[in-house]
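Results of the structural survey
Listed here are the chains, written in short residue letters.
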Amino acid sequence: MGVLLGILVFVVANGIGHSSLEPRQLRIFQRIVRWSGLGLVIVFTVGEYMDRWGAETLERADRWLLQNGRRTILLLILLILGYTTMWNGVTFLRHYFFHSSAYDLGIQDQVVWNTSQGRLFSSSIEVDHYFGDHVQPYLVLPSLVYIVFPSPYVLLAFQSFVLALSAWPLYRLGRRKFNSPAIGLAVAFCGLAYPALGFLNRTDFHCEVVAVPLLLAACERIDACDWRGASVFMGLALFAKEDTGLTVAGLGLMVAFCHRQWRFGLIWVLVGAAYSLVALFVIIPAFRGAPSDTLLRYQWLGDTPLVMLSTIISRPGFVLQKVIVAKHILTLLQLLAPLAFLPLLGFSALFPAVPALMISFLSASPTQTTIYYQYMASVIPFMSVAGIMGLHWLTTSMWGSRIWGWILPRQTRSNRGLSLGLSIMLFAILASWAYENPITTNTIAASMTVQQMVEVDTKPQVSSFPSLIQPNDAAIREGLEHVPDDVYLVTTNTYAPHLSHRRNIKLLPRMPNPTVESGVAAIFLNLKDLRGRVNCENYRQYLESAMLSDFGVTFYRDGVLLVQRNTGDSRQLKELLDNWPGCD
């Protein structure tokens with residue numbers, strides 16, 4: 001019966017041809033269903049063998065690990081260092097070969113550099129003070145390193161290492177729940193191999209990544225009934241980002257209802273909600289001089305936060321129509337499938353993820369509703385924890401015993417199904433890289449329609465080049481060397497992260513007939529690079545304005561152009577515009 005069910009699921013996936021999903025999204029959905037069907041077939045055909053073999057393997061592994069306690073710690077350290085090294089390599093290469101962007105590596109690199117120079121949280125892209133955009137005081141930490149070694153690679157390495165630390169609380173939780181160091185290491189591996197975590201690590205740099213290990217540590221301490229330790233980690237997690245307080249409030253509510261710790265839980269509900277409300281509606285407007293631009297993503301609900309809240313309460317059907325759509329269901333599948341849907345069995349641990357999911361699903365920004373960017377940072381920890389709790393429920397509860405009795409009728413040992421459940425989780429996490437590889441997936445193409453790519457104001461970028469290395473790579477690097485230090489510079493989204501160690505840097509404006517601001521001293525462009533919401537006409541119009549403002553060419557080679565005010569060859573700039581080469 002189970003084999004037939006698995007085959008049916010596989011066939012249905014191949015037969016799906018109509019959906020509101022884009023073709024790329026539909027292919028991902030089909031792959032998830034196919035792999036799920038294959039998993040069912042494997043479980044019902046060789047499940048008993050896998051369970052016996054897995055139990056013997058776990059027993060041998062536990063004996064070996066317990067013979068010397070240092071072995072477990074050494075393997076855990078190797079896991080953390082291996083993850084850090086791999087993702088350092090990926091993110092370093094992306095940046096080195098000009099695939100990073102101003103949103104948000106360039107922005108946060110400038111903020112950290114300015115902070116290291118004594119100009120705390122100073123910025124020039126979008127806002128003058130970074131707290132007018134996001135409240136993330138943890139940026140002070142890498143700024144201390146910038147005093148000695150100012151480089152965006154510091155941020156990338158910091159991000160990879162912080163996310164790698166997620167393995168520690170996952171290991172502790174897994175070991176305690178199953179009384180097995182081997183299982184602890186296995187669930188820590190699954191947590192680090194989780195595709196959504198990889199996409200978070202890959203997407204430039206975002207300070208909110210510190211919330212991932214902190215929220216995991218808080219969950220681990222809550223499971224151990226260490227309320228003081230949990231409070232420390234929940235308090236530290238608050239400062240990851242202005243909206244993390246809502247996640248902390250959700251965690252407090254979960255503790256109140258599921259652990260019956262009413263006083264502890266309700267205190268953190270109030271603290272978390274209060275922090276986010278103050279950060280969003282007091283701190284950000286105070287530094288910005290206006291309400292947060294994030295609210296623009298929710299204007300379909302109303303013009304003000306109170307009207308938005310009123311719409312959600314008074315018109316739930318209207319709101320649900322916008323929330324329960326195919327692309328959001330796909331996102332949930334992408335979060336659940338890599339953990340073999342086990343988080344559904346540990347559903348109470350998923351409750352703190354609801355605020356972050358609702359913030360994403362209510363947003364009009366198409367990138368915010370997917371797993372490919374930073375917006376799932378407060379969801380990822382609870383998926384991993386719920387996966388562990390789901391596996392524990394499946395192997396210890398009466399209903400779990402009935403399920404294994406159906407799948408493994410000839411197995412009678414007390415921990416029946418534990419090794420098979422763990423094997424299923426490992427299979428699912430490895431299979432997910434076949435359809436959702438965080439290193440190679442084109443995140444924009446997977447998350448947006450073609451029309452959205454053209455019309456919507458998106459920050460992440462799509463490379464127009466088919467290869468890792470840009471065709472005029474040598475000219476780009478030579479041109480960057482000619483850019484003067486700490487002058488007011490205008491460039492594009494792609495090159496801002498390589499030029500952001502200065503007090504003033506702006507991105508090339510997209511509006512028709514743009515004009516060069518009076519303070520701009522230099523403009524750096526790669527005319528052969530049309531990534532980052534620009535087109536060839538943007539380049540030409542902006543350079544025409546620069547020519548009228550006494551700019552001259554100081555470097556031009558293979559499409560890479562540097563022009564500066566009151567210096568360089570103005571005649572060469574005029575000739576370039578008169579004989580416009582285009583952007584091919």
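The paragraphs below set out a description of the structure included in this document. (Residues numbered from 1 in each chain as written. Predicted model: local features only at pLDDT ≥ 70, side-chain atom pairs only at ≥ 80, totals over all residues. Heavy atoms only, no water.)

**A look at helix H10 (residues 211-223)**
Basically, it comes down to this: Strands are runs of DSSP state E lasting at least 2 residues, helices are runs of H or I lasting at least 4, and numbering of each runs from the N terminus. By this rule, a helix spans an expected 1.5 Å times one less than how many residues it contains. Throughout, exposure labels follow a simple rule: accessible area from a 1.4 Å probe, protein chains only, divided by the maximum for the residue type, with under 20% read as buried, over 50% as exposed, and the rest as partly exposed.
The end-to-end C-alpha distance of H10, which contains 13 residues, comes to 18 Å, matching closely the 18 Å that a straight helix rising 1.5 Å per residue would cover. In terms of burial, H10 is a largely internal element, 13 of the 13 residues being buried. Positive backbone phi, approximately 60°, marks Cys225, located one or two places after H10.

**Focus on the state of the cysteines**
Inclusion rule: Cysteine sulfur atoms that come within 2.5 Å of each other are treated as a disulfide pair.
All chains considered together, the criterion is met by 1 disulfide. Between the sulfur of Cys536 and that of Cys583 lies a disulfide, 2.1 Å long from S to S. For the disulfide bridge between Cys536 and Cys583, the dihedral angle about the S-S bond is near 85°, and by the sign convention the bridge is right-handed. Here Cys536 is found in helix H24 (residues 536-548), whereas its partner Cys583 is found in the segment after helix H25 (570-578), with 47 residues between them in sequence. The same class applies to Cys536 as to Cys583, namely buried.

**Some details on the sheet that holds strand E4 (residues 551-557)**
Here is the rule: Strands qualify as paired when DSSP identifies two bridges or more between them. The axes used here are C-alpha line fits, helices contributing only the stretch in contact, and every angle between their N-to-C directions lies in the interval 0 to 180 degrees. We call two residues in contact when some of their heavy atoms are within 4.5 Å.
Judged by pairing direction, the sheet is mixed, and its 5 strands sit side by side in the order E2-E1-E3-E5-E4 without closing on themselves. Strands at the two margins of the open sheet, each flanked by one partner only, are strand E2 (505-507) and E4. Neighbour-to-neighbour, the strand axes of this sheet turn through a mean angle of 20°, independent of strand direction. Sheet topology note: the strand E3 (residues 522-526)/strand E5 (residues 560-565) ladder contains 5 bridges and is antiparallel. Counted as the bridge partner of Phe524 is Leu562 from E5. This element, helix H23 (residues 473-482), spans E3, E4 and E5 of the sheet and lies at about 145° to E4.

**Notes on the nonpolar core**
Defined as follows: Each nonpolar core is a collection of buried residues, namely Ala, Val, Leu, Ile, Met, Phe, Trp, Tyr and Cys, held together in the definition by side-chain atoms within 4.5 Å.
With 137 residues, the main nonpolar core has Tyr194, Met234, Leu335 and Phe524 as its most contacted residues. Top contributing element to this core by residue count: helix H8 (residues 181-193), with 9 residues. Residues within four places of Met234 in sequence aside, it is in contact with Ala218, Ile222, Val248, Leu251, Gly252, Phe264 and Trp268. Among the nonpolar cores identified, the runner-up in size contains 22 residues, and Val520, Val534, Cys536 and Leu573 belong to it.

**A short note on helix H6 (residues 152-164)**
With 13 residues, H6 extends 19 Å between its outermost C-alpha atoms, agreeing within 8% with the 18 Å of an ideal straight helix rising 1.5 Å per residue. Counting buried positions over the 13 residues of H6 gives 10, a clear majority of the element. All of the buried residues in H6 are Pro152, Val154, Leu155, Leu156, Phe158, Gln159, Ser160, Val162, Leu163 and Ala164.

**A short note on the pairing of E5**
Successive side chains on a regular strand alternate, one facing one side of the sheet and the next facing the other. Of all 6 residues in E5, 5 are buried; the element is thus mostly enclosed. Here E4 runs beside E5; their pairing, made up of 6 bridges, is antiparallel. When the sheet's bridge partners are listed, Phe555 is paired in E5 with Leu562. Counting the residues that bridge the hairpin from E4 to E5 gives 2 residues, and of these Asp558 lies at a positive phi of roughly 50°.

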